[in-house]
Amino acid sequence: MTYDETGIDRTIDRLLRDHPGTPGDLDQFHIGGADAVDLLIGGLALAEGGTVLDVGSGFGGPARQIARRTGNRVTGVDITPAYVTAARALTTGAGLDGLVRFETCDIAAFAPERPFQAAITMHVQMNVGDKTAWFSHIARCLAPGARLAVWEACGPPDLTWPMPWSLDGTDSFVVPAGALLASIERAGFTTVEWADETPWVRDWIDKTFADGPPDGPSLPMLLDDGYTRVINYVTALTDGPLEIRRGIFTR
Ligand SMILES: C[S@@+](CC[C@H](N)C(=O)[O-])C[C@H]1O[C@@H](n2cnc3c(N)ncnc32)[C@H](O)[C@@H]1O
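The written sequence of each chain sets the order in which its residues are numbered from 1. In keeping with the predicted nature of the model, local features appear solely for residues at pLDDT of at least 70, side-chain atom pairs appear and are counted solely at 80 or more, and the whole-chain, interface and lining totals rest on all residues. By convention in this description, side-chain values take in all heavy atoms of the structure and omit both hydrogens and water.

A. Region of interest: the packing of helix α2 (residues 33–41) against helix α7 (residues 198–209). Helix axes are fitted only over the stretch in contact, all axes being lines through C-alpha atoms; the angle between N-to-C directions runs from 0 to 180 degrees. Think of it this way: any DSSP run of H or I at least four residues long counts as a helix, any run of E at least two long counts as a strand, and we number them from the N terminus. One can describe the packing of α2 onto α7 by two numbers: an axis separation of 10 Å at closest approach and a directional angle of 150°. Looking at the two axes, α2 sits roughly antiparallel to α7. For the pair α2 and α7, the crossing hand works out as right-handed. On α7, the residues that touch G33, D35, A36 and L39 of α2 are W200, W204 and K207. Convention used here: angles under 35 degrees read as roughly parallel, angles over 145 as roughly antiparallel, angles from 65 to 115 as roughly perpendicular, and any remaining angle as oblique. In this scheme the handedness of a crossing depends on how the near helix is turned from the far one: anticlockwise by less than a right angle means left-handed, clockwise means right-handed. Any two residues whose heavy atoms approach within 4.5 Å are treated as being in contact.

So, in structure tokens, the structure goes:
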């Protein structure tokens, strides 16, 4: 199974102890790192005092970044307990407990007390078969008029495994960009932007890996078979069949 790693919080502790002051993009579990989160933030049209839902929040990098940049309160929901434990520890370490919280939960079962003013989801739907149902669960958590920002890999189903979201392809449900957009709209969202960011991602890859793997702690160190997963993904985005879509929607 993918997302089976345990003791991530201890691994992060050790890495940060060995490399003080260089956390880099360790907690950003998607292509484009923190720069990709910045691309999404503008599209969320956040007001002061707003609340944001991060669906499939991983190690919490995007959630903390939104809170830091905007002062909004962010709730991350993720199905993997070890990732939520790591996300909470990193948030406490960053002094952001007052703004950012995490729940271990499948988004299908998540019932917020109040609807959120915005949501993001980055690199999660690739594990989801029924995408319309899944985006409907997100819509259910949002106030009318709320924004949703997505950052997603699209393409054909046959890829070289392992990939960051799937070790062997059995839990991968990647679809072409048109099919993904249709699922999001069927779930009740209206499209504001649907941009092909593959050229931006290729530039980011060139810039980030120009001198080989970045120094210090990095995401592959936290994942089973992490380096092969990242290399296969970068290859599929650079020369192969995958593209990255940035979407902004209103509910
Ligand atoms: C590739 S990671 C992306 C994490 C994070 N969005 C980021 O970009 O840093 C995918 C995440 O989705 C979570 N996930 C998968 N299916 C989910 C579901 N149905 N509900 C909540 N989280 C889910 C996994 O546990 C994993 O943390």
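Okay, back to it.
B. Expanded view of the pattern of salt bridges. Salt bridges, as used here, are contacts in which a Lys or Arg side-chain nitrogen is within 4 Å of a carboxyl oxygen on Asp or Glu. All chains considered together, the criterion is met by eight salt bridges. For D27, the salt bridge is made with R64, and the minimal N-O distance between the two is 2.8 Å. Taken as a pair, D27 in the loop between α1 (8–18) and α2 and R64 in helix α3 (residues 61–70) lie far apart in primary sequence, 37 residues in all. Residue class for D27 comes out buried when judged on its relative accessible area of 16%. Classification of residues uses two cut-offs on accessible area relative to the type maximum, computed with a 1.4 Å probe and protein chains only: under 20% is buried, over 50% is exposed, and between them is partly exposed. Residue classification places R64 among the buried positions, given a relative accessible area of 2%. One salt-bridge network, held together by shared partners, links E193, E197 and R246.

C. Inspection of the environment of W161 at higher detail. The residue W161 is located in the loop between β5 (142–154) and α6 (177–186) in this model. Relative accessible area serves as the criterion here: at 24%, W161 is assigned to the partly exposed category. Residues W161 and F29, 132 residues apart in the sequence, show an inter-C-alpha distance of 17 Å. Sequence-distant contacts of W161, that is, excluding residues within four places in its chain, are made with S166, L167, D168, G169, S172 and N232. Nitrogen and oxygen atoms within 3.5 Å of one another constitute a polar contact, given that in protein one can donate a hydrogen and the other can accept it, and given that sequence-neighbouring residues count only through two side-chain atoms. Of note is the side chain of W161, whose polar atom sits 3.2 Å from the backbone oxygen of L159.

D. Fine view of the UniProt feature "domain: Methyltransferase" (unreviewed entry) in the chain. UniProt positions are given in the numbering used here, feature names are shortened, and annotations may be inferred rather than shown by experiment. With numbering aligned to this structure, UniProt lists the feature "domain: Methyltransferase" (unreviewed entry) at residues 52–145. Between the end C-alpha atoms of residues 52–145 the distance is 13 Å, and the span holds 35% helix and 28% strand.

E. Spotlight on the site of the ligand. We call a residue near a molecule or strand whenever a single non-hydrogen atom of that residue lies within 4 Å of it. The ligand sits among 19 residues. The nearest are F29, H30, G56, D78 and T80. The separation between a nitrogen atom of the ligand and a polar main-chain atom of G56 is 2.6 Å. One nitrogen or oxygen atom from the main chain of M122 is found 2.9 Å from a nitrogen atom belonging to the ligand. Amino acids are sorted into nonpolar (Ala, Val, Leu, Ile, Met, Phe, Trp, Tyr, Cys and Pro), charged (Asp, Glu, Lys and Arg) and polar (every other residue, Gly among them). Classifying every residue of the shell around the ligand gives 10 nonpolar, seven polar and two charged.

F. Broad picture of helix α8 (residues 226–238). Taking 1.5 Å per residue as the helical rise, α8 with its 13 residues ought to reach 18 Å, and the 18 Å between its terminal C-alpha atoms agrees with that figure. Burial in α8 covers these residues: G226, R229, N232, Y233, V234, A236 and L237. The length a helix should cover is 1.5 Å for every residue beyond the first.

G. View of α2. Looking only at α2, the buried set comprises G33, A34, A36, V37, L40 and I41. Projected onto a plane normal to the axis of α2, the buried residues spread over an arc of 155° and lie on a single side. Where the residues of α2 are buried, they touch α3, β4 (116–122), β5, α7 and β7 (243–250). Directions from the helix axis toward the C-beta atoms define the arc.

H. Up close: the packing of aromatic side chains. Pairing of aromatic rings covers Phe, Tyr and Trp, the last through its six-membered ring, and needs centres within 6.5 Å; plane angles under 30 degrees mean stacked, over 60 mean edge-to-face, and all others mean tilted. What the rule picks out here adds up to 13 aromatic pairs. Relative to W165, the ring of W161 has its centre 6.5 Å away and its plane inclined at 85°; by these criteria the two rings are edge-to-face. A ring pair is formed by W204 and F209, whose centres lie 6.2 Å apart and whose planes are at 90°; its orientation type is edge-to-face. A connected cluster of aromatic rings, assembled from ring pairs, spans Y3, F29, F59 and Y83.

I. Main features of the nonpolar core. I31, Y233 and L242 are the most contacted members of the largest nonpolar core, which totals 37 residues. Not counting chain neighbours up to four residues away, the residues in contact with I31 comprise A36, H123, W151, V201, W204, I205, Y233, V234, L237 and I244. In this text, buried Ala, Val, Leu, Ile, Met, Phe, Trp, Tyr and Cys residues form a nonpolar core when linked through side-chain atoms within 4.5 Å.

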